[in-house]
Amino acid sequence: MDLLRRRAEVPRIIPAPPGSASDAPERLLILPGEDADGRTLSGRPIGREYWSVEEKLSFMDVHGIQTSVLSPANPWLDFLPPLDALRVAQDLNDELHALCSSSYPAPPSFPSSAPVPRFFCFGFLPLHPLFQSSQLLSAIVRELERLATPPLSSTMRGVILPAQHLDHPLMDGVYEACQRLGLVLFIHPHYGVGNGSEVNGDYGHVLPLALGFPFETSVAAARLLLSGYLDRYPDLRVLLAHSGGTLPFLAGRLDSCVAHDPAFVWGREGRKGGKLKHLPSLYLRRNFFFDSVVYHQAGYQCLRALLGEAGKDRVMWGTDHPFFPPVDAAEGEGSRQRPWPSAMKNYEILWEEGTSTDEVKEGAKEEKWREGVLWRNASKLLCIPSATGEREGRE
């Protein structure tokens, strides 16, 4: 926040527009060209919920959340020179570790006799230094090793990467280190696909956020699985934001295109050559994990159809916090004390699943899905203890 406040170019944080209330939130200009476009030059509100630990804890308590895994989000650090970006990333990772290591009150709805950590986190890892100079790979790998070594390993559960260049040849060393160290990769969009007025029209941030972001994740993840890296590093674990974008819906089409493209004649039925050992949908079920930030029932059903019963441990609940706060007349101080519709929508979807004549069998299956999505899957993937003391996953 301090860095963005000091900047004079996008991305930057600016004061609230003239004439705003004294407690009006600052504004974030984040996408290229926003400051030159009359429809977006005032930026998006960025209140305390974006950076305040107290606000985060209040949100968690209102929603009955025991533990959150925090992550830095866009903007990435690619607006900084390579060495500056690496230095700032190290400082941010140290600050995140200190934040997560601190003691905080237990949630009101949980027994105080079973203390649990309130926060874990994903670390920052800028990639543009690597693409500008391969000699900086060793510095990036050293930071990964630092995140996976005490004391930082007590709070770090992986790294967050921008949804770009995941198939770059120089990523080989990054993936080797992440697989060796057991770090989860969390992929999140930033720039969106199809930025510019010719695509987004006169509709503010609606199309970049609703379509451009999940499209960016879809393209980046597809390029990763088409690159062959997941054959080289089969134990790599990749968590996709926003339920994987459009990939669950388009996985079958991706399979068909790969199966029929001369560049991807894969090792099936004695055929030789090709870049992949398997069809894309297998990698989606083997290497990828998904949050449940999908906002509608059809999207959630599509994700479940892709994963099948064997993939029930690959979806975990996300809140999309601090984005999309309440926007009605009660927002402000009062909104901190009540549920956010954006978070509750993805929670309620879990209870809209499953209707069957065999209600007992179907109900038991759905309860396992819900339990997995709400806590057990994240506990297993990220080694997070529960309020009952249970701990899943590898140490």
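Residues numbered from 1 in each chain as written. Predicted model: local features only at pLDDT ≥ 70, side-chain atom pairs only at ≥ 80, totals over all residues. Heavy atoms only, no water.

### Quick look at the sheet that holds strand β7 (residues 184–188)
Here is step 1: Spatially, the seven strands line up as an open sheet ordered β4-β5-β6-β7-β8-β9-β10, and their pairing is parallel. The open sheet has two edge strands with one neighbour each: β4 (68–70) and β10 (315–316).
Here is step 2: Inspection of the sheet shows strand β6 (residues 156–162) paired to β7 by five bridges, in the parallel sense. Along β7, the bridge assignment pairs Pro162 with His188.
Here is step 3: Those strands touched by helix α2 (residues 53–62) are β4 and β5 (119–124), and its axis lies near 130 degrees from that of β5. (Pairing = 2+ DSSP bridges. Helix = DSSP H or I, 4+ residues; strand = E, 2+ residues; numbered from the N terminus. Contact = heavy atoms within 4.5 Å. Axes fitted to C-alpha atoms, helices over the stretch in contact; angles between N-to-C directions.)

### Some words on the sheet that holds strand β2 (residues 26–29)
Here is step 1: Spatial strand order, β1-β2-β3: three strands in an open sheet with antiparallel pairing. On the outer flanks of this sheet lie β1 (12–14) and β3 (44–46), each paired with one strand and no other. Averaged over all neighbouring strand pairs, the angle between strand axes comes to 45 degrees, with direction disregarded.
Here is step 2: Summarising the sheet, β1 and β2 pair through three bridges and their orientation is antiparallel. Paired with Ile13 across the strands is Leu28, a residue of β2.

### A look at the nonpolar core
Here is step 1: In this structure, Leu161, Tyr175 and Phe288 are the most contacted members of the largest nonpolar core, which totals 68 residues.
Here is step 2: The contact partners of Leu161, leaving out residues within four places of it in the chain, are Trp76, Leu125, Leu127, Leu166, Met171, Leu185, Phe186, Ile187 and His188.
Here is step 3: In this structure, Phe79, Leu80, Ala241 and Met316 belong to the second largest nonpolar core, which totals 27 residues. (Core = buried A, V, L, I, M, F, W, Y, C linked by side-chain atoms within 4.5 Å. Buried < 20%, exposed > 50% of the residue type's maximum accessible area, 1.4 Å probe, protein only.)

### Overview of the side chain of His242
Here is step 1: Relative to the elements of secondary structure, His242 occurs in the loop between β8 (238–240) and α10 (247–260).
Here is step 2: Not counting the four nearest positions on each side in its chain, His242 is found in contact with His188, Pro189, Asp291, Val293 and Asp320.

### Side note on the packing of aromatic side chains
Here is step 1: In total, this model carries nine aromatic pairs according to the counting rule given.
Here is step 2: Note on Phe122 and Phe186: the rings are 5.2 Å apart at their centroids and 35 degrees apart in plane angle, and the pair reads as tilted. Of the two residues, Phe122 is situated in strand β5 and Phe186 in strand β7; the sequence distance between them amounts to 64 residues. As far as the burial class goes, Phe122 and Phe186 line up, both buried. (Phe/Tyr/Trp six-rings, centres within 6.5 Å; stacked < 30°, edge-to-face > 60°.)

### Here we look at a nonpolar patch on the surface
Here is step 1: On the surface, a cluster of nonpolar side chains totalling about 300 Å² of accessible area is made up of Val193, Leu211, Phe215 and Val219.
Here is step 2: The class for Phe215 is partly exposed, based on a relative accessible area of 33%. (Patch = residues over 30% accessible without salt bridge, like charges linked within 9 Å, V, L, I, M, F, W, Y side chains within 5 Å. Areas by Shrake-Rupley, 256 points an atom, 1.4 Å probe, with all protein chains shown as cover. Salt bridge = Lys/Arg side-chain N within 4 Å of Asp/Glu carboxyl O.)

### Some points on the packing of helix α5 (residues 137–147) against helix α6 (residues 172–181)
Here is step 1: Following both chains from N to C, one finds α5 and α6 inclined at 20 degrees, their axes separated by 10 Å at the closest point. It follows that α5 is roughly parallel to α6 by the angle criterion. Note on packing geometry: the crossing formed by α5 with α6 is right-handed. For the pair formed by α5 and α6, the contact residues are Leu137, Ile140, Val141, Leu144 and Glu145 on the first element and Gly173, Val174, Ala177, Cys178, Arg180 and Leu181 on the second. (Parallel < 35°, antiparallel > 145°, perpendicular 65-115°, else oblique. Left-handed = near helix turned anticlockwise from the far one by under 90°.)

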